[in-house]
Amino acid sequence: MAQKQNSLVFTNDNCIGCNRCISVCSCIGACIAEEKDGKKRIAVNPDKCVACGECFDACEHGAREYLDDTERFFEDLKKGEKISILIAPAFRANYPNEYERVLGGLKQLGVNRMINVSFGADITTWGYLNYINQYDFKGGISQPCPAVVGYIERYIPSLIPKLFPVQSPVMCAAIYAKKEMGVTDKLAFISPCIAKKQEIDDPNNGDYISYNVTFDHLMKYIKEHKISGPNCTDEIEYGLGSIYPTPGGLKENVYWFLGESVFIRQIEGEKHMYEYLEKNKNKIAEDKTPYLFIDALNCGQGCLYGT
């Protein structure tokens, strides 16, 4: 009865068809009630789902799972593939006591460079400031969050022109690593976010990143295979980009440079975020908003803990 795994988020055999996931889902048609052989269940429509993660929080039966690239990442390391990693700043925040030994273990397995995405966040901030100043761009929507971008693309395409044409921190870090640092390895993102796989696999992003390795699946694999090594840390200095994972992190970066006199609308949380966009989509599309931009994140706690 398990859903065929052609969907990033999928239903397993624990599902009893209680409809709790349907009741909290912001994406109409993403959760589909089915009945087969007398058993009710809720499947996921991959064309509608944006991997916001709300159903994971609502489900009391452990009936939702997700795909990432953790297994393939480790298998390719075993095969001798040249791989460097991009590390979300939230990784240290989530695993402060394990961070350095986990990186040391990955280094022993063959990982080459270890680049903190906080540096990419600094590049993203520069991109936002530059675009705002150059084009007097106001009322836009930030796009570090792939779930928010996916929702706009699928459900409110009229707002696509309001998305800042600036890459997310991880993509900025990947592009810098390839073009400026000369890294030729495949890149893996150590990530808190299920939805990042959608961004990474997007053909418009040029195959810069080959793997989305989520915290949960990574640490499960690390523990099961007893991977550890001498303490190791990431490379490249960075600035305020390190606070990007926190709620309003992008907003605080812009305030630092432009001052708090500018009005930035900060919105987080699966339900609140999409309700706000739906309610205000016409105002946003027609530039009838008083703010510089919306600092938009799917997760209520920012990117600290992921979807």
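Quick note: structure is the one above.
Residues numbered from 1 in each chain as written. Predicted model: local features only at pLDDT ≥ 70, side-chain atom pairs only at ≥ 80, totals over all residues. Heavy atoms only, no water.

1. Topic: the layout of surface pockets
At step 1: Roughly 430 Å³ of volume is contained in the largest pocket.
At step 2: Those elements that provide at least two residues to the lining of the largest pocket are α7 (146–155) and α9 (196–201).
At step 3: Counting residues per element, the lining of the largest pocket draws most heavily on α7, which supplies five residues.
At step 4: Residue composition of the lining of the largest pocket, by class: eight nonpolar, seven polar and four charged. (1 Å grid on protein atoms, 1.4 Å probe; cavity = no way out; pocket = protein on both sides within 12 Å on 5 of 7 lines; lining within 4 Å. Points joined across faces, edges and corners; volume = space filled by probe spheres on them. Helix = DSSP H or I, 4+ residues; strand = E, 2+ residues; numbered from the N terminus. Nonpolar A, V, L, I, M, F, W, Y, C, P; charged D, E, K, R; others polar.)

2. Topic: helix α12 (residues 270–285)
Because each turn of an α-helix spans 3.6 residues, side chains separated by three or four positions in sequence point in the same direction.
At step 1: For α12, which comprises 16 residues, the first-to-last C-alpha distance of 21 Å matches the rise-based estimate of 22 Å (1.5 Å per residue) to within 8%.
At step 2: The largest bend in α12 comes to about 55 degrees, at Lys279.
At step 3: Of the residues making up α12, those classed as buried are Glu270, Met273, Tyr274, Tyr276, Leu277, Asn280 and Ile284.
At step 4: Lining the buried residues of α12 we find α2 (54–58), β7 (140–141), α7, β10 (265–268) and β11 (293–297).
At step 5: At the exit of α12 stands Asp287, carrying a positive phi of roughly 60 degrees. (Expected span 1.5 Å × (residues − 1). Bend = angle between axes of the 7 residues up to and from the residue. Buried < 20%, exposed > 50% of the residue type's maximum accessible area, 1.4 Å probe, protein only. Contact = heavy atoms within 4.5 Å.)

3. What to know about the pairing of strand β8 (residues 186–191)
At step 1: Burial analysis of β8 places five of its six residues in the buried class, the great majority of the element.
At step 2: Sheet topology places strand β5 (residues 83–87) next to β8; five bridges connect them, and they run parallel. Across the sheet, the residue bridging to Ile87 is Ile190, located in β8.
At step 3: Judged from the four bridges that link them, β8 and strand β9 (residues 211–214) form a sheet pairing that is parallel. Note on β9: the bridge partner recorded for Ala188 is Tyr211.
At step 4: You can see the chain leave β8, run along α9 and come back into β9, and the turn it takes is right-handed. (Pairing = 2+ DSSP bridges. Right-handed = clockwise from strand over helix to strand, strands pointing away.)

4. Comments concerning unusual backbone geometry
At step 1: For Asp136, which is not glycine, the phi dihedral falls at a positive 50 degrees.
At step 2: Within the secondary structure, Asp136 is located in the loop between α6 (118–135) and β7.
At step 3: Of note, the phi angle at Asp207 is positive, near 55 degrees, even though the residue is not glycine.
At step 4: With respect to the secondary-structure elements, Asp207 resides in the loop between α9 and β9.

5. A closer look at the packing of α6 against helix α8 (residues 169–179)
At step 1: Two elements in contact, α6 and α8, have axes separated by 7 Å at closest approach and are oriented at 100 degrees. The angle between α6 and α8 falls in the class roughly perpendicular. Contacts between α6 and α8 involve Phe119, Gly120, Ala121, Ile123 and Thr124 from the first element and Pro169, Cys172, Ala173 and Tyr176 from the second.
At step 2: Looking at side-chain class alone, the contact of α6 with α8 contains seven nonpolar, two polar and no charged residues. (Axes fitted to C-alpha atoms, helices over the stretch in contact; angles between N-to-C directions. Parallel < 35°, antiparallel > 145°, perpendicular 65-115°, else oblique.)

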